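# Residue-level structural notes
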Amino acid sequence: MKTGAPIRTTCAYCGVGCGVSATVTGPRAVEIRGDAAHPANHGRLCSKGTHLGETVSLDGRLLAPMIGDREAGWDEALDLVAGKMRDCIAEHGPDSVAFYVSGQLLTEDYYAANKLMKGFVGSANIDTNSRLCMASAVAAHNRAFGEDVVPCSYADLDEADLVLLVGSNTAWCHPVVWQRLEQARAARGTRLVVIDPRRTETAEQADLHVPIAPDGDVALFNALLAETRRRGLVDEEYLAAHGEVDAGFWEALDAAPGVPAETFTALCDLVAAHPRMVTLFSQGANQSVCGTDKGNAIINLHLATGRINRAGAGPFSITGQPNAMGGREVGGLSNTLACHLGFGEDERAEVEAFWDAPNLCAGPGLKAVDLFRAVHDGRIRFLWVMATNPAVSMPDSGFVRKALARCPTVVVSDIIADTDTGRLAHIRLPAHGWGEKDGTVTNSERRVSRQRALFAAPGEARADWRIIAQVAARMGWTEHFAWDGPSAIFREFAAMTGLAARRGKALDLTAHAGLTDDEYEGLEPFQWGGAQPLGARFPTPSGKARLVPVTPPAPAIDTEFPLRLNTARYRDQWHTMTRTGLSPTLSQHRPEPLLEVHPLDAAELGLTDGGFSRVETKQGASLYRVAVTEGQRRGEVCVPMHWTDAMAGEGRANRLPSQAVDPVSGQPGFKNAAARVVAVTPDWRGFLVRHDVAAPEGLLYWTRARVKAGWLYELAGEGTIDIGALLPEGERIEVVDMARGMRRIAVRDTGGTLLAAAYLTRSGQLPPREWVAGQLGLDAASTAELLAGRPSTPLPDRGPIVCVCHGIGEKDIAAAVQGGASSVAEVGACTRAGTNCGSCRPAIARLVEAWTPIALEAAE
Ligand code: SF4
């Protein structure tokens, strides 16, 4: 264990790629600060980054190789993996083998996996969960620029006069980028437009919210480009020098924008008035069956107006994962060979020579959805999943579970012992987690940063690249994978980018190919390609960028499933919650998955705020608590994507979308599924706090969320109120009120320490969770207090927690506003809310706006 001096590393979560300064304070304990010297964040961190220290415990870690349910030694496990893969190739050919990897891998891990599959196994069946995240942006870049290059940097956001956010709840999903935008708006009046079907916290803060229909982006951007041309704003000189425009392109543009005329005019006026314009787009654009066209519609506008390749201007695709970009660089997507190279004869020959590859793949492999279809129908018979949880995260995840259950060999490398995917694996291999990993990641602005180890690897955990190399060695390719550390892999990768650079591509890390181990250890963040990586000549055969003709999709109509279902992320959770779900602080913001629905739809469907609903699609059904909100458009509903079978009975969102994908990128359309919603009325509901993890069975509804000394379960059921099996052994005290249909139970150990407490009712009120959860592991509360669910001296009711850093609730903020605070800063001065990481500032702004008229009325 390294203690003492701060270690500079990077955040584990999103594609912003914030630098972190981590000071190890004890065994599996670390203090986290933003790295002031890192150009991505200049010291800022969001709530997730700030509370990384709460996720480094060994809770739930996979600490030894497992064959079935049996612990095994590494040699036995690796021999088995290599043997199964070798047999599968011998019997069924190389395409019967597949890897499904992840943007959580470091670049060095990714490079090793790609090299093994494409150069040595002899198949390109390696795909990544980045396919689910931004494959459409990659395809759009390739179509327009001839290479997957993001032509922007975060500094462009500082220098833009207008920022369009498309399909991005930036304030929640890329909070440090949001803070940078907030700063630019305060400093120079940057105008902000949010194009999104939902009125998110980001949209609420915008100068203009454009509430398009789901998948309405292409129509809007085509109409915007047509109007921009009508106003004489096309940069003919730039286009003549740098753009290729097909005959008939302009004539095909005219589409109805799909938004109210006054909103469209306001958008056009803003675009016309601000040539320094960045369009930042994210999963809302990409996770669509027409995501590539959306990317090109955005890029077309920038190319036509010359708003690209200069400071403060450009189309900026921002990635979801910490190292999605690194995966794109090495070739982790199945339709790239390696290092931005394709499968042309010359490119294959160069890669074959570089790797000295005995079995170079012949052509592209299967993209994620097709890959799992091939697993399902038996074409793929050996699947190795690394650092991801496809049983939860893939669309139509019920189908993916069936596919995994049928596959003769499923290997999972992960840090967590019990994941939904791990439950279906034959062999599980313990990998390094954040805090143990050592290598590099690349963020959304192409900035390569070191991720450094803080702790010794626990148990038998090994680095992913090492596991891959050790399997490769057992298959007879020892010398090709004989790296002695991540620095050696990085040097090899950096040298390999020379193959791309020699073809005029922007990806070029060759200047780093000669780094010594010490230089690699001390490597400062650097941005490949610089601020404007595309320069005057685009990496296309003509040297010009292409304006790609795109047409809006036909409206989707399904009378049986008449609603459109969107899936979204929560501010303080990450992917399938295997890490953020361990943090009691982060679990406060949204402890349950909610179905968000417009008030008029709720009334029509018989849904009530706080009640329950079942969402159904052709693929499956999930159960959610209802949140009625004007933020949803009519006819559309939204659920979060984070909850798994380990965290909820039926809250798994990705069982709902279909397997439909974008025809160019293969990215699934997570955000616009045909659905219907029915109200569900349980006989009783309530909650349980418990010091350890339980396995609820036979309930209509349950979810669990971490609290400081245990877990908070939300429960609902049918028939008799009975959760006896969920209560631990101990001294039980109980009160039952048959008339009110209420039951309260507390379980203590012989010393009086609270082990569990349950509050269940058929129709009555429930006590606030916060105080009850705070009693777990303590012996301070009296029997009467425990059964009442509140202390004898009442605590203030703070309402739902808004600022998780300081534990400030909605009611605290309302009180501050009623006391005269009229801005986020003034609320911060009164309550401390929003003064640490800043992730809650948009929510505070919304509350200030909502409560100010009430406060003024009260003062009059
Ligand atoms: Fe991590 Fe938050 Fe920065 Fe994303 S914005 S990298 S989650 S600290």
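Report on the accompanying structure. Just so you know, these numbers come straight off a predicted model, no measurement behind them. (Residues numbered from 1 in each chain as written. Predicted model: local features only at pLDDT ≥ 70, side-chain atom pairs only at ≥ 80, totals over all residues. Heavy atoms only, no water.)

## Focus on the environment of Leu192
We apply this condition: Under the scheme used here, helices are H or I runs from DSSP no shorter than 4 residues and strands are E runs no shorter than 2 residues, and both carry numbers assigned from the N terminus. The buried label goes to any residue with under 20% of its type's maximum accessible area, the exposed label to any with over 50%, and the partly exposed label to all in between, with areas taken from a 1.4 Å probe on protein chains only. Two residues qualify as a contact provided that any one of their heavy atoms is within 4.5 Å of a heavy atom in the partner residue.
Here Leu192 is to be found in strand β9 (residues 191-195). Classification of Leu192 as buried rests on a relative accessible area of 0%. Not counting residues up to four positions away in its chain, the partners in contact with Leu192 are Val163, Leu165, Trp178, Leu181, Arg185, Gln205, Ala206, Asp207 and Leu208.

## Here we look at the packing of helix α16 (residues 368-376) against helix α18 (residues 397-406)
Applied cut-off: Every angle, taken between N-to-C directions, lies between 0 and 180 degrees, and every axis is a line fitted to C-alpha atoms, over only the stretch in contact when it is a helix. Throughout, the term roughly parallel applies to angles under 35 degrees, roughly antiparallel to angles over 145, roughly perpendicular to angles from 65 to 115, and oblique to all others. By the definition used in this description, the sense in which the near helix is turned from the far one sets the handedness, with an anticlockwise turn below a right angle giving left-handed and a clockwise turn giving right-handed. Gly is put with the polar residues, along with every residue not named as nonpolar or charged; the nonpolar set is Ala, Val, Leu, Ile, Met, Phe, Trp, Tyr, Cys and Pro, and the charged set is Asp, Glu, Lys and Arg.
The contact between α16 and α18 brings their axes to 8 Å, and the two run at 45°. Considered as vectors, α16 and α18 are oriented oblique to each other. In terms of crossing hand, the pair formed by α16 and α18 is left-handed. Touching Phe372, Arg373, Val375 and His376 of α16 are Phe399, Val400, Lys402, Ala403, Leu404 and Arg406, all from α18. Taken together, the residues of the contact of α16 with α18 sort by class into six nonpolar, one polar and three charged.

## Looking at α16
Most of α16 is tucked away, with seven of its nine residues classed as buried. Of all the positions in α16, only Ala368, Val369, Leu371, Phe372, Ala374, Val375 and His376 are classed as buried. Tucked into the core, α16 has its buried residues touching β6 (97-101), β7 (126-128), β14 (382-386), α17 (390-393) and α18. Positive backbone phi, approximately 90°, marks Gly378, located one or two places after α16.

## Some remarks on the site of the ligand
Counted only if it meets this: Residues are labelled near a given molecule or strand when at least one of their non-hydrogen atoms is within 4 Å of it.
Contacts to the ligand come from Cys11, Tyr13, Cys14, Val16, Gly17, Cys18, Leu45, Cys46, Lys48, Gly49, Pro175 and Val176. Listing elements by their share of the shell around the ligand, those giving two or more residues are α1 (47-50) and α7 (175-188).

## Some points on empty space enclosed by the protein
Under the convention used in this document: Space inside and on the surface of the protein is sampled on a 1 Å grid over the protein atoms alone, with a cavity defined as a set of points where a 1.4 Å probe fits but cannot get out and a pocket as an open set with protein on both sides within 12 Å along at least 5 of 7 lines; lining residues have an atom within 4 Å of a point. Grid points are joined across faces, edges and corners, and a volume is the space filled by probe spheres set on the points.
As enumerated under the stated definition, the model contains nine cavities of 30 Å³ or more in all. In this structure, the largest cavity is lined by 35 residues; those nearest its centre are Gln104, Asn129, Ala387, Thr388 and His575. Where the lining of the largest cavity is concerned, the elements lending two or more residues are β15 (409-414) and β21 (563-568). Looking at the lining of the largest cavity, its residues break down into twelve nonpolar, 17 polar and six charged. Taken as a whole, the second largest cavity holds about 380 Å³ of empty space. Lining the second largest cavity are 33 residues, with Gly167, Asn169, Gln283, Gly284 and Lys671 positioned closest to its centre. Secondary-structure elements contributing two or more residues to the lining of the second largest cavity are α6 (170-173), α12 (283-286) and β21. Looking at the lining of the second largest cavity, its residues break down into ten nonpolar, 15 polar and eight charged.

## Focus on the nonpolar core
Basically, it comes down to this: Working definition of a nonpolar core: buried Ala, Val, Leu, Ile, Met, Phe, Trp, Tyr and Cys residues. They are joined through side-chain atoms within 4.5 Å.
With 120 residues, the main nonpolar core has Phe99, Phe221, Trp384 and Phe490 as its most contacted residues. Every residue in contact with Phe221, bar those within four places of it in the chain, is listed here: Leu164, Val166, Ile195, Thr279, Ala297, Ile298 and Leu301.

## Structural notes on the pairing of strand β23 (residues 612-616)
Under the convention used in this document: At least two DSSP bridges between two strands are needed for those strands to be called paired.
Judged from the five bridges that link them, β23 and strand β24 (residues 621-628) form a sheet pairing that is antiparallel. The residue bridging Val615 from the neighbouring strand is Ser622, located in β24. Linkage of β23 to β24, two consecutive antiparallel strands, is achieved through a turn of four residues. Of the strand pairs in this sheet, β23 and strand β26 (residues 673-680) are connected by five bridges, and their pairing is antiparallel. Pairing of Ser613 across the sheet is with Ala679, part of β26.

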